[in-house]
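# Descriptive analysis of the structure
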Amino acid sequence: MINHKSDIFSIQTIETIQSDDFFNLIEKNRSHLALGFPYTILKCATPESTKDYLKESAKTIADKKGYFFYLRNKKTEALIGLVNIKNINKEIPLCELGYFIDREYQGKGITSMAVDAVLHFCFEELQMNKVFICTDKVNIGSQKVALKNGFLQEGILRNEFKNPKGELNDVVYFGLLRSDYYKNTTVKRNKEK
Ligand SMILES: CC(C)(COP(=O)(O)OP(=O)(O)OC[C@H]1O[C@@H](n2cnc3c(N)ncnc32)[C@H](O)[C@@H]1OP(=O)(O)O)[C@@H](O)C(=O)NCCC(=O)NCCS
């Protein structure tokens with residue numbers, strides 16, 4: 001399971017999530033999430049549709065087609081973000097990560113820490129050989145999360161993504177190989193000794 005220790009936030013699975021809390025998180029962050037999570041904000045347009053969205057997420061997890069990890073403030077117990085695993089290809093094997101944090105909690109290193117914990121799950125539990133992240137070219141914060149976790153920029157995919165305004169944007173593709181992950185983890189552990 002998820003291996004994570006922090007005084008600031010916990011990482012939780014879908015069983016602990018109330019759909020109204022998730023709706024409120026999305027409602028508060030609609031414009032903040034427009035670029036990176038257009039599908040989620042569309043699906044969570046109302047409290048009722050959010051219930052359906054979470055049911056759909058639970059089915060995705062049950063079918064092992066994806067995973068959702070929810071971030072909760074330990075002090076206030078407020079839901080503050082999400083890291084999800086998607087586009088799992090067991091043949092390669094590789095998968096993609098997506099993530100967001102409540103705008104109030106940005107820039108505190110929380111997403112980077114959560115991604116670190118989810119990467120452990122990807123390589124140890126799911127036995128992936130590669131994890132990738134796709135970010136809009138203008139999304140510098142997201143690119144920093146990838147770089148801080150040891151991902152390498154592998155390329156820029158031109159006109160790959162249609163943003164909510166209908167414009168075609170370039171996507172920056174980041175990859176992390178299993179071999180590099182374990183090399184980085186060993187170096188990090190040795191530094192901490
Ligand atoms: C992208 C996002 C997840 C980053 O979350 P976060 O918790 O702020 O990330 P972290 O604090 O772990 O790291 C972000 C880093 O980027 C930096 N950063 C953020 N926005 C930046 C910007 N516009 N320009 C330059 N640096 C920026 C932060 O200062 C931090 O760097 P540091 O650790 O060197 O100080 C958050 O901004 C978000 O939820 N965005 C909307 C959803 C989204 O776009 N998700 C990604 C889809 S691919």
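Refer to the preceding data block for the structure.
Keep in mind that this is a model prediction, so the values were computed, not measured. (Residues numbered from 1 in each chain as written. Predicted model: local features only at pLDDT ≥ 70, side-chain atom pairs only at ≥ 80, totals over all residues.)

### Comments concerning the environment of Lys5
- Tracing the backbone shows Lys5 in the segment before β1 (9-12).
- Here the alpha-carbon distance between Lys5 and Ala117, two residues 112 residues apart in the chain, equals 9.0 Å. (Helix = DSSP H or I, 4+ residues; strand = E, 2+ residues; numbered from the N terminus.)

### Some words on unusual backbone geometry
- Ile92 connects to Pro93 through a cis peptide bond whose omega is -5°.
- One can find Pro93 in the loop between β3 (79-89) and β4 (94-101).
- Residues other than glycine seldom take positive phi values, yet Asn87 does so here, at roughly 45°.
- Turning to its location among the elements, Asn87 is positioned in strand β3.
- Looking at Asn87, the number of C-beta atoms within 10 Å reads 13, which means it is partly exposed.
- The backbone phi angle of Asn159 is positive, close to 50°, even though this residue is not glycine.
- Structurally, Asn159 is set in strand β6 (residues 152-162).
- Given 10 C-beta atoms within 10 Å, Asn159 falls into the exposed group. (Buried ≥ 20, exposed ≤ 12 C-beta atoms within 10 Å, placed from the backbone.)

### A word on the site of the ligand
- Contacts to the ligand come from 23 residues, most closely from Gly36, Thr111, Ser112, Gly141 and Lys144.
- Broken down by secondary-structure element, the contributors of at least two residues to the shell around the ligand are α2 (30-33), β4, α5 (110-125) and α6 (140-148).
- Top element by residues in the shell around the ligand is α6. It accounts for five residues.
- Along the lines of polarity and charge, the residues of the shell around the ligand split into nine nonpolar, twelve polar and two charged. (Near = placed C-beta within 6 Å. Nonpolar A, V, L, I, M, F, W, Y, C, P; charged D, E, K, R; others polar.)

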